[in-house]
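So you can see what is in the structure, the chains are spelled out below.
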Amino acid sequence: GAPCHAGAQASFSGPGPCTADLEGQATQFAPEWSGKCGLNYDMPLTDTLALTLGVDVQFQYDYFVTGDNDPVLVQEAFAKVNARALLAVAENWTLQVLGKNLTDEIVANSPDDIPLGNLGFAGSYFHFLDPPRSVEIQAQYRF
């Protein structure tokens, strides 16, 4: 009783709405394997100066990003790497450099087919993507 994906809907000619039998198939956003691991290293430099280095890796195997298991909208496996370096001065100041998605993976978080397929847009899709690689600098003062 699941809804048909755009490709199946385009070729459907039966009575009533197009439905699909997805029993036993993977569900939306459910890769067979996924995980995240990280490592932090804290190192005092002086009595009032400390350095923290960190890295983490998030990985996921292929998964469907829509509830209708459209084969066009499968997110391929990816691994994102994030890293940070934090310098703490006493207990008041911190300066931090963050690198996010350093592998610059293109990850679709909510794509779908164009809902106006029957008005000439059949076979068209849209994608919302996770942010690309970024580097940030953060400074903080506690008072």
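Before going into details, it helps to say that this report is about the structure given with it. (Residues numbered from 1 in each chain as written. Predicted model: local features only at pLDDT ≥ 70, side-chain atom pairs only at ≥ 80, totals over all residues. Heavy atoms only, no water.)

Another point: the overall build of the protein chain. Scanning the protein chain from terminus to terminus reveals one helix and 11 strands. Each helix and strand of the protein chain, ordered N terminal to C terminal, gives the series β-α-β-β-β-β-β-β-β-β-β-β. For 143 residues, the compact-globule estimate of 2.2 N^0.38 gives 15 Å, and the C-alpha radius of gyration of the protein chain, at 23 Å, exceeds that figure by more than 25%. Dimensions of the protein chain, computed from C-alpha atoms along their principal axes, come out at roughly 75 × 30 × 25 Å. When burial is assessed residue by residue, the protein chain has 24% of its 143 residues classed as buried. (Helix = DSSP H or I, 4+ residues; strand = E, 2+ residues; numbered from the N terminus. Rg over C-alpha atoms; globule rule 2.2 N^0.38 Å. Buried < 20%, exposed > 50% of the residue type's maximum accessible area, 1.4 Å probe, protein only.)

Take the nonpolar core next. Membership of the largest hydrophobic core is limited to five residues, which are Tyr-63, Val-65, Leu-73, Phe-78 and Val-107. Once you skip the residues sitting within four places of it in the chain, Leu-73 turns out to touch Tyr-63, Phe-64, Val-65, Thr-66, Pro-111, Asp-112, Asp-113, Tyr-125 and His-127. (Core = buried A, V, L, I, M, F, W, Y, C linked by side-chain atoms within 4.5 Å. Contact = heavy atoms within 4.5 Å.)

What the rule picks out here adds up to two salt bridges. Between Lys-80 and Asp-130 there is a salt bridge; the shortest N-O distance is 2.9 Å. Taken together, the residues Lys-80 in strand E7 (residues 78-89) and Asp-130 in the loop between strand E10 (125-126) and strand E11 (134-141) connect sequence positions 50 residues apart. With a closest N to O distance of 3.1 Å, Glu-136 and Lys-100 form a salt bridge. With Glu-136 in strand E11 and Lys-100 in strand E8 (residues 93-100), this residue pair connects regions lying 36 residues apart in the sequence. Exposure remark for Glu-136: the relative accessible area of 25% places this residue in the partly exposed category. By relative accessible area, Lys-100 is classed as partly exposed at 38%. (Salt bridge = Lys/Arg side-chain N within 4 Å of Asp/Glu carboxyl O.)

Enumeration according to the criterion identifies four aromatic pairs in this entry. Between Phe-126 and Phe-128, the aromatic rings sit 5.6 Å apart at their centres with planes inclined by 70 degrees, giving edge-to-face as the arrangement. Residue classification places Phe-126 among the partly exposed residues on the basis of a relative accessible area of 29%. According to the relative accessible area criterion, Phe-128 is partly exposed, its value standing at 48%. Their ring planes at 20 degrees and their centres at 6.0 Å tell us that Tyr-141 and Phe-143 sit as a pair that is stacked. What makes Tyr-141 partly exposed here is its relative accessible area of 40%. (Phe/Tyr/Trp six-rings, centres within 6.5 Å; stacked < 30°, edge-to-face > 60°.)

With that out of the way, let us pick up a nonpolar patch on the surface. Judged by side-chain polarity, Leu-45, Leu-87, Val-89, Trp-93, Leu-95, Val-97, Leu-102, Val-135, Ile-137, Tyr-141 and Phe-143 come together as a nonpolar surface patch covering roughly 1,100 Å² of accessible area. Of all the elements in the fold, those that place two or more residues in the nonpolar patch are E7, E8 and E11. With respect to the helices and strands, Leu-102 occurs in the loop between E8 and strand E9 (112-113). (Patch = residues over 30% accessible without salt bridge, like charges linked within 9 Å, V, L, I, M, F, W, Y side chains within 5 Å. Areas by Shrake-Rupley, 256 points an atom, 1.4 Å probe, with all protein chains shown as cover.)

Let us look at the sheet that holds strand E3 (residues 34-44). Whether parallel or antiparallel, the strands of a sheet pair through hydrogen bonds between backbone atoms. Here we have five strands laid out as an open sheet, ordered E3-E4-E7-E8-E11, and antiparallel in their pairing. Either end of the sheet is taken by a strand with one partner, and the two such strands are E3 and E11. This sheet shows a mean twist of 10 degrees between the axes of neighbouring strands, independent of strand direction. In this structure, strand E4 (residues 49-60) lies alongside E7, joined through 12 bridges in antiparallel fashion. Each residue of the ladder has a partner; that of Asp-56, found in E7, is Asn-82. (Pairing = 2+ DSSP bridges. Axes fitted to C-alpha atoms, helices over the stretch in contact; angles between N-to-C directions.)

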